[in-house]
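Letter by letter, the chains look like this.
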Amino acid sequence: MKSTIQTAVMTAIIVAGGVFSANAQDASTILKKMDDVMYSPKDMTGKNKIILIDKNGKEEIREATIQQKDTDKRMFRFTSPASQTGISVLSLPDDVMYLYLPAFGKERRIATSAKNQNFAGTDFSYDDMESVLYSAKYTPKLLKTEADVFVLELTPLNRSDYSKVIVRINKTNFYPELMEYYDKANNKIKEAKYTFKKIDNYWNATEIEMTDLKKNHKTKMQMSDVKYDTGLTDDDFTVRKLKQ
Amino acid sequence: MNRFAEGIVKFKWLIILAVAGLTVFFIYESKDLHINSDIISSLPDDDPAAKLYKEIGTQFGGNDMGMIVLETDDVFKAEVIQHIKQITDSLKYTNGVSSVTSLTNILDIKSSEWGIEIGKLVDEYNLPDKQLQLDSLKTYVFSKEMYKGAVVSEDGTATAIMFTLLPDEDKQAVATEIKDKIEALDLPETIYFGGLPMMMNDINELIVSDIVWLVPIVFLVIAIVLLLSFKSFGGVLLPLLTAGLAVVWTIGIMAVTGYELTIISNIIPVVLLAVGSAYTIHVLNSINHIKLADRKQALVQALRYIIVPVILAAVTTAIGFVSFVFGAYLTMIKDFGIFTAVGTLIALILSLFFVPALISTLSMYGKKTAIESEEKKTILTHKILLPLVKFLFKHPKYTFMSWGFLLMLCIGGMFLIKTSVNMADYFKKDNPTRVAEGVMQKKFGGSLPVFVVFEGDMQSPEVLKMMISTEHFMKEDPNIEITQSIADLIEQMNDAMGEGKKIPDDKAKIEQLWFLLDGQEVMPQLVNDNLSKGIIQSKFVSVDSKELEVFTAKMNRFIEDNPNEHCKIELTGMPSVYVKLNSSLINSQYNNLLIAIVMVVLIVGLILRSASKGIFAAIPVVATIIVLFGFMGITGIPLDIATVLVASIALGIGIDYSIHVITGFNKHLISHGDAEKAIEETILLSGKAVIINVISVSAGFLVLLFSQIVPLQNFGLLVAISMFGSGLGALTLLPVILILANRKRKIVTNNH
């Protein structure tokens with residue numbers, strides 16, 4: 001009798017543990033797959049159009065070319081509007097940034113530890129712009145599985161302004177469709193809508209629409225002319241290149 | 001006249017039904033009455049400086065800015081820093097708050113040879129807790145102009161946590177939530193709440209508490225005075241009923257026409273209760289005097305007698321109120337004038353239509369009270385009025401000279417009269433808003449916002465340089481400690497680019513520096529969206545009228561002396577508004593007094609068909625107004641947004657006493673032919689009504705001493721003093737003048 005109960009308890013524990021670990025396994029696997037979709041190319045170049053939309057619907061458009069290598073080197077060169085043409089931003093690992101202002105003819109190093117600040121007037125914070133793997137930044141939990149999407153709750157591993165991020169991941173292709181950002185009082189403060197398209201062998205976020213729900217301000221980042229794996233080297237991400 | 005009175009009796013049910021219906025309607029409508037505690041909204045649109053101030057406050061979010069000050073012995077202590085973070089977080093996570101800036105989350109931009117370091121002044125995930133860290137933070141904060149005296153007070157004992165509210169939010173609700181949340185943290189440091197949203201919240205509470213507490217007290221006080229005077233239920237009930245209905249209707253009309261309750265108009269109920277009961281008292285008195293067996297005929301006759309004096313009394317009072325419409329600076333004072341006048345006329349109409357209709361419907365109850373009240377008032381007659389009459393006839397010259405002496409004294413006192421426009425003074429000394437304002441002034445360079453508005457291309461070097469030189473000029477004034485503008489930020493960024501702390505000469509450089517500033521939270525507070533307008537934000541330390549005036553004049557001269565084709569410069573802010581308010585207090589006082597005196601003399605003279613009687617009637621009130629200003633000068637009660645109202649109100653109500661005495665004198669003179677006898681009878685008969693009215697009106701206004709708002713306390717006291725003065729003037733000065741004038745005439749006729 002006693003042993004029957006013991007066995008039952010043991011079985012229950014094992015089964016439950018199995019379920020939990022399967023669940024955890026699932027969540028991390030899903031997130032890793034998402035990371036793969038988002039960060040698999042070795043490098044990328046393309047055109048970036050930044051559309052800022054204020055609460056009255058007024059739009060402001062900036063254009064830039066973008067080059068990216070691995071997940072931690074990126075170069076932005078603004079091509080429009082005229083007053084900002086030639087302004088370039090180079091992001092390197094360890095929160096190091098260089099800014100080049102052509103009117104001054106010189107670059108400045110910008111060290112920013114305040115990652116909750118927004119990037120160049122957009123609704124993306126430096127934190128959001130960082131291309132660090134999601135699986136390295138967050139602990140995932142599978143909330144539910146819907147017809148087309150997995151819904152994951154991501155809890156930050158390190159310091160962050162967010163208490164959690166809810167992400168809806170496409171079941172078949174594993175790209176994110178929607179990310180919802182919550183502050184520490186559990187208010188939803190931002191959301192990002194993703195539109196993905198397959199270019200060559202990779203999935204590309206042709207548009208990310210970030211909405212600051214508090215300010216009712218929107219930023220659309222649209223990618224075009226995307227090319228992958230063109231063989232960019234670290235030499236393309238230097239201060240010397242920044243000034244060209 | 002008879003037809004009118006009979007008509008009332010005939011249509012009594014219709015009148016009662018109409019009144020009941022309208023009352024229900026107005027009660028229903030008054031649900032929609034809002035409280036407007038936003039003093040800024042009361043600034044007039046026809047004053048360019050005030051209009052600009054309103055626009056700037058809205059456009060650049062200044063009116064949505066709040067401030068929490070935390071005071072302790074030393075801000076740079078681990079637990080204090082911890083508490084600042086707690087407050088910062090709790091503000092950050094309050095719905096409706098757009099941004100928070102404090103010691104624990106402020107952005108710190110350091111520029112060095114190699115570049116710019118953008119970080120937080122304090123690492124919020126790793127707050128400084130070692131003495132060494134705290135000391136170095138202190139040294140750093142005091143070394144930077146943007147923190148010293150702005151975020152941490154210069155003596156290091158206080159720190160400010162600034163926040164802005166989202167523009168479309170219910171500011172009052174957010175302010176209340178913030179206050180509750182911060183108080184719930186129960187921190188050991190002293191916490192002060194400042195800024196317009198918090199102040200409005202406080203004012204709102206004051207308005208509500210004044211209404212909730214004062215109105216019932218006034219009701220009770222007037223009821224007691226009436227009960228003592230009439231010793232009958234009808235005598236208490238009917239005047240209070242009409243005054244109460246007048247209040248309800250007026251509030252209803254305010255709601256229907258879309259007006260709001262302000263710190264001034266919240267006393268409309270008190271004023272109407274005190275003033276509006278008088279007309280019914282007159283009507284009742286008149287009905288009680290007619291001792292006809294046929295009650296219906298008695299009513300008709302009573303109405304016939306009373307209609308002209310009552311209309312006269314109400315119209316003169318209404319004129320006193322309406323005179324505020326001309327010359328008042330703040331719209332809330334104009335509103336107050338209009339609606340008290342409306343309420344007065346409603347009380348009049350109700351007294352003339354509704355009261356007789358009600359009495360004739362309930363005529364059974366009316367008779368007894370008439371006889372009773374007749375006998376009770378004799379104590380007043382024997383103990384006060386008879387001795388008074390004897391004294392006046394015995395010593396007319398002494399009486400006259402005593403008044404002359406008093407008036408000379410008060411004319412002297414008038415020169416000492418001061419004005420006060422500082423809104424913080426409107427609160428009691430221990431009121432949290434006033435205390436907070438005091439702390440802001442002492443520790444953070446004041447709380448009076450100053451804005452210099454620049455209209456032009458905000459990216460042009462010329463405009464930015466002009467801004468910088470304006471800021472330098474402003475800082476020469478000892479009352480200006482901090483200034484902030486987009487030009488300062490451009491200078492800082494230019495420095496960060498390694499080109500020195502100055503505005504670049506090249507517009508392209510400015511445009512590119514802008515790239516670094518875009519999206520910063522402070523930007524919408526400094527420049528508008530399309531970069532055609534920018535402001536210098538500053539604060540003025542002192543609230544002294546003289547210093548405000550000197551600064552405003554100096555700034556305006558600077559602007560005039562620096563004309564340029566690149567931008568238009570304008571000065572606005574609280575100093576400019578206060579200077580205008582101050583000069584308008586004096587001007588509007590002259591204006592509306594003059595208007596009121598002329599109108600009253602004209603109307604009284606016209607109705608009594610004698611210019612000299614119009615002037616005679618005005619003498620006691622003019623004397624009272626002199627006494628009033630003398631009293632204000634001697635006791636140091638300043639002329640402010642509420643006390644500026646007293647003189648005209650005193651005139652409007654006080655004139656009634658003189659009218660009573662003069663019309664009484666006229667009537668008795670006709671029936672007796674002997675002036676001295678007429679004066680005696682007038683004082684004995686009208687004296688009673690005057691004294692009861694003085695007491696009931698004064699008692700009503702004296703309740704305002706319990707108001708939460710200082711100018712209203714002074715207002716109540718001063719109106720009571722004026723009522724007493726006009727009553728005394730009408731019963732002593734006016735009869736003495738009549739006696740002396742009459743004796744002179746006698747001597748003249750005898751000599752002939």
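Please read all numbers here as calculations on a predicted model, not as lab measurements. (Residues numbered from 1 in each chain as written. Chains lettered and ligands numbered in written order. Predicted model: local features only at pLDDT ≥ 70, side-chain atom pairs only at ≥ 80, totals over all residues.)

Description of the environment of B:Lys533
Residue and element names in this part refer to chain B. Formally: Where helices and strands are cited, they refer to DSSP runs of H or I of at least four residues and of E of at least two residues respectively, numbered from the N terminus. In this scheme the burial state of a residue depends on its C-beta neighbours within 10 Å: 20 or more other such atoms mean buried, 12 or fewer mean exposed, and anything in between means partly exposed; the C-beta positions come from the backbone.
Along the polypeptide, Lys-533 turns up in strand 11 (residues 533-540). In this structure Lys-533 comes out as buried when scored by C-beta crowding, with 20 C-beta atoms within 10 Å. As for Lys-533 and Ile-569, which are separated by 36 residues in sequence, their C-alpha atoms are 9.9 Å apart.

Examining the nonpolar core
Stated formally: The term nonpolar core refers to a set of buried Ala, Val, Leu, Ile, Met, Phe, Trp, Tyr and Cys residues connected through C-beta atoms within 7 Å. Note on contacts: each residue gets a C-beta atom placed from the backbone, and two residues are in contact if those atoms are within 7 Å.
Grouped together as the largest cluster of nonpolar side chains are 263 residues, with contacts concentrated most on B:Ile161, B:Ile625, B:Leu628 and B:Ala650. It is helix 11 (residues 331-361) of chain B that provides the largest number of residues to this core, a total of 18 residues. In contact with B:Ile625, other than residues within four places in its own chain, are B:Leu593, B:Ala647, B:Ala650 and B:Leu651. Counting residues in each nonpolar core, the second largest holds 28 residues, with A:Ile30, A:Tyr134, A:Leu154 and A:Tyr194 among its members.

Overview of the interface of chain B and chain A
The cut-off we apply is this: Amino acids outside the nonpolar list (Ala, Val, Leu, Ile, Met, Phe, Trp, Tyr, Cys, Pro) and the charged list (Asp, Glu, Lys, Arg) are all regarded as polar, and Gly is one of them. A strand pair is defined by DSSP finding two or more bridges across the two strands.
Listed per partner, the contact involves 23 residues of chain B and 25 residues of chain A. When residues of the side of chain B that touches chain A are traced back to their parent elements, those giving at least two are strand 5 (115-120) and helix 18 (507-517) of chain B. With six residues, the single largest contributor to the side of chain B that touches chain A is strand 5 of chain B. Looking at the side of chain B that touches chain A residue by residue, the class counts come to ten nonpolar, six polar and seven charged. The pairing of strand 6 (residues 106-112) of chain A with strand 5 of chain B spans four bridges and is parallel. Bridging from a neighbouring strand, A:Thr112 pairs with B:Ile118 of strand 5 of chain B.

Let's talk about the domain arrangement of chain B
Stated precisely, the cut-off is as follows: Bear in mind that the domain bounds are from an automatic or database domain assignment.
As assigned here, chain B comprises domain 1 (1-32 + 231-374), domain 2 (48-201), domain 3 (377-415 + 608-752) and domain 4 (447-579). The straight-line distance from the C-alpha centre of domain 1 of chain B to that of domain 2 of chain B is 54 Å.

Here we look at helix 19 (residues 545-561) of chain B
Residue and element names in this part refer to chain B. Filter applied, for reference: For a helix, the expected span equals 1.5 Å multiplied by the residue count minus one. The directions considered for the arc run from the helix axis to the C-beta atoms.
For helix 19, which comprises 17 residues, the first-to-last C-alpha distance of 24 Å matches the rise-based estimate of 24 Å (1.5 Å per residue) to within 8%. Restricting attention to buried positions, one finds in helix 19 the residues Leu-548, Phe-551, Thr-552 and Met-555. On an axial view of helix 19, the arc spanned by its buried residues comes to 95°, and they lie on one face. Helix 19 presents Lys-546, Ala-553, Arg-557, Glu-560 and Asp-561 as exposed residues on the side facing more than 90 degrees away from its buried surface.

Some words on the sheet that holds strand 10 (residues 480-484) of chain B
All names here are of chain B. Quick reminder of the rule: Only the contacting stretch of a helix is used when fitting its axis, a line to C-alpha atoms as for every element, and angles between N-to-C directions run 0 to 180 degrees.
Strand order across the open sheet formed by four strands is 10-11-9-12, with antiparallel pairing between neighbours. The open sheet has two free edges, formed respectively by strand 10 and strand 12 (567-573), since each of these has just one partner strand. Across the sheet, the mean angle separating the axes of adjacent strands is 20° when strand polarity is ignored. Against the sheet, helix 3 (residues 48-59) engages strand 9 (448-456), strand 11 and strand 12, with an angle of about 90° to strand 12.

A look at the sheet that holds strand 6 (residues 158-165) of chain B
All names here are of chain B. What the four strands build is an open sheet, ordered 3-6-2-7; its pairing is antiparallel. What marks the edges here is a single partner per strand, and that holds for strand 3 (97-101) and strand 7 (190-195). Neighbour-to-neighbour, the strand axes of the sheet open up by a mean angle of 20°, direction not taken into account. Two elements, strand 2 (residues 65-71) and strand 6, share seven bridges in a ladder whose sense is antiparallel. By the bridge assignment, Met-67 is partnered in strand 6 with Met-162. Strands strand 2, strand 3 and strand 6 of the sheet are contacted by helix 4 (residues 78-92), whose axis makes an angle of about 5° with strand 6.

Things to note about the packing of helix 20 (residues 574-607) of chain B against helix 21 (residues 611-635) of chain B
Residues and elements named next belong to chain B. Put simply, the test is: Crossing handedness is read from the near helix: turned anticlockwise from the far helix by less than a right angle, it gives a left-handed crossing, and turned clockwise, a right-handed one.
Between helix 20 and helix 21, the shortest axis-to-axis distance is 7 Å and the interhelical angle comes to 145°. Helix 20 and helix 21 meet at a crossing whose hand is right-handed. Contacts between helix 20 and helix 21 pair Leu-593, Ile-597, Val-600, Val-601, Leu-602, Val-604 and Gly-605 from the former with Ala-611, Lys-613, Gly-614, Ile-615, Ala-617, Ala-618, Val-622 and Ile-625 from the latter. Residues that form the contact of helix 20 with helix 21 fall into these classes: twelve nonpolar, two polar and one charged.

What to know about the pairing of strand 10 (residues 176-182) of chain A
Residue and element names in this part refer to chain A. Examined bridge by bridge, strand 9 (residues 164-170) and strand 10 share six bridges and lie antiparallel to one another. Counted as the bridge partner of Val-165 is Tyr-181 from strand 10. Hairpin remark: strand 9 followed by strand 10, antiparallel, with five residues in the connecting loop; positive phi at Phe-174, about 60°. Connecting the antiparallel pair strand 10 and strand 11 (residues 188-199) is a turn made up of five residues, with Asn-186 showing a positive phi of about 65°.

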